[in-house]
Amino acid sequence: MHRLLRSRFVLSIGVLALLAGPFAAARAMVIECGPTLCFEYDETQAAIGSLGAPVLVGDAMRFLPPALWLASAGGASVADASASFVFDRIYSPAGGEILALRALAEGDYEIIGSGTVASRIELGVKSNLSAEEVAAAAVFSDAGDSSGALLWSRDVLASVAGAFAAPTTDIRVTVGNLLQVSTAASSDLAWIQDKFLIVTAEVGAPVPLPGALWLFVTAGAALGAFRVRRVAHTA
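Residues numbered from 1 in each chain as written. Predicted model: local features only at pLDDT ≥ 70, side-chain atom pairs only at ≥ 80, totals over all residues. Heavy atoms only, no water.

Topic: the overall build of the chain
Argument step 1. For the chain, the helix and strand inventory stands at three helices and 13 strands.
Argument step 2. Counting only residues that meet the buried cut, the chain has 40% of its 235 residues in that class.
Argument step 3. Pairs at least 24 residues apart make up 77% of the contacts formed inside the chain by residues separated by at least 6 positions.
Argument step 4. As presented, the chain carries roughly 12,000 Å² of accessible surface, and 62% of it is formed by carbon and sulfur atoms. (Helix = DSSP H or I, 4+ residues; strand = E, 2+ residues; numbered from the N terminus. Buried < 20%, exposed > 50% of the residue type's maximum accessible area, 1.4 Å probe, protein only. Contact = heavy atoms within 4.5 Å. Areas by Shrake-Rupley, 256 points an atom, 1.4 Å probe, with all protein chains shown as cover.)

Now the structure itself:
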């Protein structure tokens, strides 16, 4: 009898875990909306450890990375550090078409001796309404003695208007960041840091949408009027 009760208990726990799984995953999502753009992302993704949580400023998402830094000394081979942040949805609650996506990154670097530094930012844009994708990237690099600490910047633009068969009203965006550094001699020192990243989009005129999709977009706009954090309930 006890064995039967134990089996039923284990089965019940398993069923509850399966039922709770989708809800637990959904509670990690955040929706934030500016004047014309909404951003949806998972606040538990690994990139937040390096880039920090984004902050909505107008129609842009701003990162101030706390830990995206890399150094090399004494002739070390090439080393790299990377982080990729995913916005599951970027869309206009008014149904406007997203014409272009832009990302700007800035930071500091220094080379003492004969080292090298490099930084690369990538934008991967996928339509949530089809399987189509576009990508764009920008690279910064320097070599030789920098004669002190300097600023670097990268600006990348992904033109999405006309790239997909359907209007680009709802997209998934991956923002990839890569830092590289190396030194050649025992007296060399080089370092590079990513300190600022902002992601935004250009929005065009509203696109006529099917009735069912209008209901979906309207619901998203209502939720996005303020920051929505769905946190798992604690016992």
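Right, picking up where we left off after that structure.
Some thoughts on the pattern of salt bridges
Argument step 1. Scanning the model with the defined rule gives seven salt bridges in all.
Argument step 2. D170 is the salt-bridge partner of R89, the closest N and O atoms lying 2.8 Å from each other. Of the two residues, R89 sits in strand β6 (residues 79-91) while D170 sits in strand β11 (residues 170-182), which places them 81 residues apart along the sequence. As far as the burial class goes, R89 and D170 line up, both buried.
Argument step 3. Each of E40, R89 and D170 takes part in a single network of salt bridges with overlapping partners. (Salt bridge = Lys/Arg side-chain N within 4 Å of Asp/Glu carboxyl O.)

Description of the state of the cysteines
Argument step 1. Per the counting criterion, the structure on display carries one disulfide.
Argument step 2. What pairs with C33 in a disulfide is C38, and their sulfur atoms sit 1.9 Å apart. Between C33 and C38, the S-S dihedral sits near 110°, and the bridge is therefore right-handed. The same class applies to C33 and to C38, which are both buried. (Disulfide = S-S within 2.5 Å.)

Focus on the confidence of the model for the chain
Argument step 1. For the chain, the average pLDDT comes to 82, and 77% of its residues sit at 70 or higher.
Argument step 2. The least confident element of the chain, judged by mean pLDDT, is helix α1 (residues 2-26) at 40; the most confident is strand β4 (residues 60-63) at 98.
Argument step 3. A low-confidence stretch, residues 1-26 (pLDDT under 50), is modelled with one contact involving residues beyond four sequence positions or located in other chains.
Argument step 4. Of the regions scoring below 50 in pLDDT, residues 221-235 engages in 25 contacts with residues more than four places distant in sequence or in other chains. (pLDDT = per-residue confidence, 0-100.)

Let's talk about the packing of aromatic side chains
Argument step 1. The tally for this structure, following the rule as stated, stands at eight aromatic pairs.
Argument step 2. Ring geometry for F63 versus F85: centroids 4.9 Å apart, planes at 70°, classification edge-to-face. Separated by 22 residues along the polypeptide, F63 in strand β4 and F85 in strand β6 bring together distant segments of the chain. Of the two residues examined, F63 and F85, each falls in the buried class.
Argument step 3. Between F63 and F87, the aromatic rings sit 6.3 Å apart at their centres with planes inclined by 65°, giving edge-to-face as the arrangement. With F63 in strand β4 and F87 in strand β6, this residue pair connects regions lying 24 residues apart in the sequence. For the pair formed by F63 and F87, the shared burial category is buried.
Argument step 4. Here the aromatic residues F39, Y41, F63, F85 and F87 are joined through ring pairs into a cluster of three or more.
Argument step 5. Geometry around Y91 places R89 over its ring, the cationic atom sitting 3.8 Å from the centre. (Phe/Tyr/Trp six-rings, centres within 6.5 Å; stacked < 30°, edge-to-face > 60°. Lys NZ or Arg CZ within 6 Å of the ring centre and 35° of its normal.)

Description of the nonpolar core
Argument step 1. Formed by 45 residues in total, the largest nonpolar core has its most connected members in F87, I90, L101, V125 and V173.
Argument step 2. Element by element, the count of residues in this core is highest for strand β7 (residues 96-112), at six residues.
Argument step 3. Setting aside residues up to four positions removed in sequence, I90 forms contacts with L37, C38, F39, I98, L101, T169, D170, I171 and V173. (Core = buried A, V, L, I, M, F, W, Y, C linked by side-chain atoms within 4.5 Å.)

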